[in-house]
Amino acid sequence: MKPRQCWSVLEDRAKQKVSQVQADIVRARTLLETLNASYKRLQFLYEEYRAQGADADAITYGMQDAMNHRQFMSQLMTLSERVVQDIEKATIALNALHKKMIEAEGERLKMKTLDEQEILAFQLKNRKREQRSMDELGVSQFNRIDRS
């Protein structure tokens with residue numbers, strides 16, 4: 001006779017869920033790092049272009065160049081704002097994944113505990129059964145000796 005395997009199967013499923021959430025967290029962190037790097041690049045580009053614009057004031061360009069310069073800076077700011085929004089969304093998603101990870105880990109620990117309890121209960125039941133058999137054997141041997 002063997003202990004029931006239901007808890008170990010559920011523990012394995014919980015482990016798979018934990019692994020899946022860990023992989024999702026890694027992907028979310030990678031995305032967040034990429035977004036942060038993009039934001040830094042955009043900020044650097046904006047500052048660099050703004051500095052060029054300040055230098056360009058000394059050398060006057062045509063009206064079209066000035067408008068193109070302002071339009072490009074406006075586009076950089078719009079992109080920066082969009083990246084900031086994406087960073088906020090990615091941060092919220094990462095926090096949600098951390099909560100999901102805590103829940104999945106709790107579920108895994110619960111299944112592991114239930115599996116261990118099942119094994120201990122099975123072992124206890126086997127020890128009691130063996131003890132009963134030993135007691136019966138001892139009583140039967142005692143009764144044989146007593147009759148002789």
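Residues numbered from 1 in each chain as written. Predicted model: local features only at pLDDT ≥ 70, side-chain atom pairs only at ≥ 80, totals over all residues. Heavy atoms only, no water.

> Before we go on, may I ask you to explain the overall build of the protein chain in this structure?
For the protein chain, the helix and strand inventory stands at two helices and zero strands. Computed over its C-alpha atoms, the radius of gyration of the protein chain comes to 35 Å, more than 25% above the 15 Å expected for a compact globule of 148 residues. With respect to the principal axes defined by its C-alpha atoms, the protein chain has extents near 125 × 20 × 15 Å. Counting across all 148 residues of the protein chain, residues that qualify as buried make up 21%. Across the protein chain, contacts joining residues at least 24 apart in sequence account for 93% of those joining residues at least 6 apart. If you sum the accessible surface of the protein chain, you get close to 11,500 Å²; carbon and sulfur atoms cover 56% of it. Computed over 25 positive and 22 negative side-chain charges, the inter-centroid distance for the protein chain is 10 Å. (Helix = DSSP H or I, 4+ residues; strand = E, 2+ residues; numbered from the N terminus. Rg over C-alpha atoms; globule rule 2.2 N^0.38 Å. Buried < 20%, exposed > 50% of the residue type's maximum accessible area, 1.4 Å probe, protein only. Contact = heavy atoms within 4.5 Å. Areas by Shrake-Rupley, 256 points an atom, 1.4 Å probe, with all protein chains shown as cover. Lys, Arg positive; Asp, Glu negative; His and termini not counted. Charge placed at Lys NZ, Arg CZ, Asp CG, Glu CD.)

> In this structure, what is going on with the pattern of salt bridges? I would like to understand it.
Opposite charge on two side chains permits pairing when their charged atoms draw close. Tallying each qualifying case throughout the model produces six salt bridges. As a salt-bridge pair, Lys-15 and Glu-11 come within 3.9 Å of each other at their nearest N and O atoms. Taken together, the residues span about one helical turn, with Lys-15 and Glu-11 both in helix H1 (residues 6-58) at a distance of four residues. Across the pair Arg-82 and Asp-86 runs a salt bridge, and its minimum N-O distance is 3.4 Å. With Arg-82 and Asp-86 both in helix H2 (residues 63-147), this residue pair falls four residues apart, about one helical turn. (Salt bridge = Lys/Arg side-chain N within 4 Å of Asp/Glu carboxyl O.)

> What is the right way to look at the environment of Val-83 in this model?
Of note, Val-83 is situated in helix H2. Residues Val-83 and Glu-33, spaced 50 residues apart in sequence, show a C-alpha to C-alpha distance of 12 Å. Every residue in contact with Val-83, bar those within four places of it in the chain, is listed here: Leu-35, Tyr-39 and Leu-42.

That's the geometry; what it means functionally is another story.
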